[in-house]
Amino acid sequence: MRIQIHSDSKNINLVLPSWMVFSDLTAAIAAKVIRKHDKDEKDDGYLPSRRDLCRIMRELRKYKRKYGHLDLVDVQSADGDIVKIVL
Amino acid sequence: MEKSLGKKISELRKGKGITQDDMAERLNVSPQAVSKWENDISCPDIMLLPKIANMLSVTVDELLTDAPKKQTEVLPEEKRKCIDDLMFRIYVNSAEGDKVKVNLPIPLVKMALEMGMKMPQVSGNEALKGIDFGQLLSMVDKGLIGKLVEVESAEGDTVEIVVE
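A quick note: this is a predicted structure, and the numbers were derived from the prediction, not measured.

Procedures and definitions
- Residues numbered from 1 in each chain as written.
- Chains lettered and ligands numbered in written order.
- Predicted model: local features only at pLDDT ≥ 70, side-chain atom pairs only at ≥ 80, totals over all residues.
- Helix = DSSP H or I, 4+ residues; strand = E, 2+ residues; numbered from the N terminus.
- Buried ≥ 20, exposed ≤ 12 C-beta atoms within 10 Å, placed from the backbone.
- Contact = placed C-beta atoms within 7 Å.
- Nonpolar A, V, L, I, M, F, W, Y, C, P; charged D, E, K, R; others polar.
- Pairing = 2+ DSSP bridges.
- Core = buried A, V, L, I, M, F, W, Y, C linked by C-beta atoms within 7 Å.

(A) Spotlight on the overall build of chain B. Secondary structure summary: chain B contains eight helices and five strands in total. Across the 164 residues in chain B, those meeting the buried criterion constitute 23%.

(B) Representation of the interface of chain B and chain A. Tallying the contact residues gives 18 residues for chain B and 19 residues for chain A. Breaking the side of chain B that touches chain A down by element, the ones donating at least two residues are β3 (99–105) and α6 (106–115) of chain B. No other element matches β3 of chain B, which puts six residues into the side of chain B that touches chain A. Looking at the side of chain B that touches chain A residue by residue, the class counts come to nine nonpolar, three polar and six charged. In terms of strand pairing, strand β3 (residues 71–76) of chain A meets β3 of chain B through four bridges, oriented antiparallel. The residue of β3 of chain B that forms the bridge with Gln-76 of chain A is Lys-99 of chain B.

(C) Expanded view of the nonpolar core. Residue and element names in this part refer to chain B. Of all hydrophobic cores here, the largest spans 18 residues; its most connected members are Phe-88, Ile-90, Leu-104, Val-109, Val-140, Ile-161 and Val-163. Only β2 (87–93), β3, α6, α8 (133–141) and β5 (158–163) provide two or more residues apiece to this core. At four residues, β5 tops the list of elements feeding residues into this core. Core analysis: the second largest hydrophobic core is formed by five residues, Ile-9, Met-23, Val-34 and Ile-52 among them.

In structure tokens form, the structure reads like this:
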């Protein structure tokens, strides 16, 4: 998985191993962090559980195998900054 | 960042389950030539573009520009792709000039909706708040593809949802 951030002042290119990002352990940590940070904002109702995130991770692993480098998100700001998340 | 021609060919080819060898054979070129196009080392001959576009079920215009597929059509049952191979492409262009593109595989959207997630949570965009994705999925299930949603807000922001 790649996260690319290009701005006038900085260029960040993060290459993260997919097995690490899309793992059940990451899902468990993410679920915990989401719950911790969402304690104060209970208006929305839905919080992904560890199980939900594990399912999403499994699906993303499947898509990584199927499509390889799939652009998930591509953001271009008016002032030229670019943020890209590639599977 | 505009996607290169090579990247588009590669993505569309994989999406259709065509191998580089198959594509090369159908276009009467070598597999190495296809590989070079996809890695942006060289470009296909201009005379081959209509054939490539036809093979990938897009127009030459769509192949050469970053514009989303414009036409909406209902595919007959025999031409329909498996819903699991389709992708929701969400394009948001703000009045200030910011551009956001999100590509979401349909099974992922389905799963997120089953879990009770709302689409702004998935895509991070509030402009999608009023859109019933369940309804969109059922339309896609019935064979509708292409541009399904186009919204223009009073502030001048536009949101397009294309299924490919």
